[in-house]
Amino acid sequence: MKVSARNVFEGKVTNVQPGAVNAEVELTLGGGEKLVAVVTMASLHKLSINVGKDAVALVKAPWVVLLTDAAGYKLSARNALEGEVVRVGDGAVNAEVVLKLAGGTEVFAIVTREAVQELGLAPGVKATALIKASHIILGAKP
């Protein structure tokens with residue numbers, strides 16, 4: 001599958017919580033990290049999503065929010081992935097920041113150059129990637 005999304009996370013469905021309109025789908029990545037996606041019930045059925053099925057989560061890099069210090073805060077984003085910055089690619093306005101999670105998965109984020117400076121993002125810096133469950137697009141083979 002070729003896609004423009006920078007983040008393509010492969011994993012296994014480990015939990016499904018169906019609702020009246022939407023379902024929460026938990027995907028466990030190869031390194032053990034968990035992502036929760038919210039999809040419509042129609043998509044859940046169309047993709048035949050169920051526990052044990054291999055699936056892929058697509059997340060565009062601009063949908064990833066980075067933070068370096070959330071001590072004492074509770075956040076509404078369902079997915080908070082902790083890792084370490086391994087690369088910062090500088091652009092004219094924005095920068096691409098690559099965060100490596102403990103299990104080896106890389107998360108790509110597009111943030112402003114100003115944010116890179118303010119957060120002190122550089123290789124070796126610990127950071128957390130926040131991804132809203134509604135910003136995850138799930139895919140699965142039939």
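All residue numbers refer to position in the chain's written sequence, counted from 1. The model is predicted, so local features are restricted to residues of pLDDT at least 70 and side-chain atom pairs to those at 80 or more, both for listing and for counting; the totals for chains, interfaces and linings are taken over all residues. Each side-chain value is derived from all of the structure's non-hydrogen atoms; neither hydrogens nor water enter the calculation.

K.L.:
Please give an account of the overall build of the chain that cites residues and values.
P.N.:
Per the secondary structure count, the chain includes two helices and 10 strands. Under the scheme used here, helices are H or I runs from DSSP no shorter than 4 residues and strands are E runs no shorter than 2 residues, and both carry numbers assigned from the N terminus. In sequence order, the secondary structure elements of the chain are arranged as β-β-β-α-β-β-β-β-β-α-β-β. A radius of gyration in this sense is built from C-alpha atoms; the matching globule rule multiplies 2.2 Å by the number of residues raised to 0.38. Expected size for 142 residues packed as a compact globule is a radius of gyration near 14 Å; at 16 Å, the chain falls within 12% of this value. The principal-axis extent of the C-alpha atoms belonging to the chain is close to 45 × 35 × 25 Å. Expressed as a percentage of the 142 residues in the chain, the buried residues total 39%. By definition in these notes, contact holds between two residues if any of their heavy atoms fall within 4.5 Å. Residue pairs at least 24 apart in sequence account for 60% of intrachain contacts in the chain once pairs closer than 6 positions are excluded. The method behind every accessible area is Shrake-Rupley, applied with a 1.4 Å probe, and residues are considered shielded solely by the protein chains displayed. Working note: accessible area of the chain is about 8,000 Å², and carbon and sulfur atoms make up 53% of it. For every residue, the accessible area obtained with a 1.4 Å probe (protein chains only) is divided by the maximum for its type, and the residue is called buried under 20%, exposed over 50%, and partly exposed between those limits.

K.L.:
Tell me about the nonpolar core, and please be specific about residues and values.
P.N.:
Proteins that are soluble and globular tend to have nonpolar side chains buried together. Judged by nonpolar contacts, the single largest core of 35 residues is most densely connected at Phe9, Leu44, Val64, Leu66, Leu99, Val107 and Ile136. Beyond its immediate sequence surroundings of up to four residues, Leu99 is in contact with Leu66, Leu81, Gly83, Glu84, Val85, Thr105, Glu106, Val107, Ala127, Thr128 and Ala129. Here, the term nonpolar core denotes a set of buried Ala, Val, Leu, Ile, Met, Phe, Trp, Tyr and Cys residues that are joined through side-chain atoms within 4.5 Å.

K.L.:
Now, about the layout of surface pockets: what can you tell me, with residues and values included?
P.N.:
In this approach the atoms are scanned with a rolling probe the size of a water molecule, which exposes any empty space left behind. When its volume is computed, the largest pocket comes out at roughly 240 Å³. If you trace the largest pocket, you find it lined by Met1, Val8, Glu10, Gly11, Lys53, Asp54, Ala55, Val56, Gly139, Ala140 and Lys141. When residues of the lining of the largest pocket are traced back to their parent elements, those giving at least two are strand 1 (7–18) and strand 4 (54–59). Points on a 1 Å grid over protein atoms alone make up a cavity when a 1.4 Å probe fits among them but cannot get out, and a pocket when they form an open set with protein on both sides within 12 Å along at least five of seven lines; lining residues each have an atom within 4 Å of a point. Grid points are joined across faces, edges and corners, and a volume is the space filled by probe spheres set on the points.

K.L.:
I'd love a proper account of the side chain of Asn79, names of residues and values included.
P.N.:
Relative to the elements of secondary structure, Asn79 occurs in strand 6 (residues 79–90). The contacts of Asn79, once residues within four sequence positions are left out, are Lys34, Leu35, Val36, Ala129, Leu130, Ile131, Lys132, Ala133 and Ile136.

K.L.:
Explain the sheet that holds strand 4 to me, using residue names and the numbers behind them.
P.N.:
Two strands make a pair as long as DSSP finds a minimum of two bridges between them. Across the sheet, which stays open at both edges, the five strands sit in the order 3-2-1-4-10 with antiparallel pairing between neighbours. The outermost strands of the open sheet, each flanked by one partner alone, are strand 3 (34–40) and strand 10 (137–139). Averaged over all pairs of adjacent strands, the angle between strand axes in this sheet comes to 45°, irrespective of strand direction. Lines fitted to C-alpha atoms define the axes here, with helix axes fitted over just the stretch in contact, and angles between the N-to-C directions of these axes take values from 0 to 180 degrees.

K.L.:
Talk me through the packing of aromatic side chains; I want residue IDs and the actual numbers.
P.N.:
Ring pairs are drawn from Phe, Tyr and Trp, using the six-membered ring of Trp, whenever the two centres fall within 6.5 Å, and their geometry is named by plane angle: stacked under 30 degrees, edge-to-face over 60, tilted for the rest. Applying the stated criterion across every chain, the model contains zero aromatic pairs. Put simply, a charge is over a ring when the Lys NZ or the Arg CZ is close to the ring centre, within 6 Å, and near the line of the ring normal, within 35 degrees. One Lys or Arg, Arg6, reaches over the ring of Phe108 and ends 4.1 Å from the middle of that ring.

K.L.:
I'd love a proper account of unusual backbone geometry, names of residues and values included.
P.N.:
For Ser48, which is not glycine, the phi torsion reads 55° and is therefore positive. Relative to the helices and strands, Ser48 resides in the loop between helix 1 (41–46) and strand 4.

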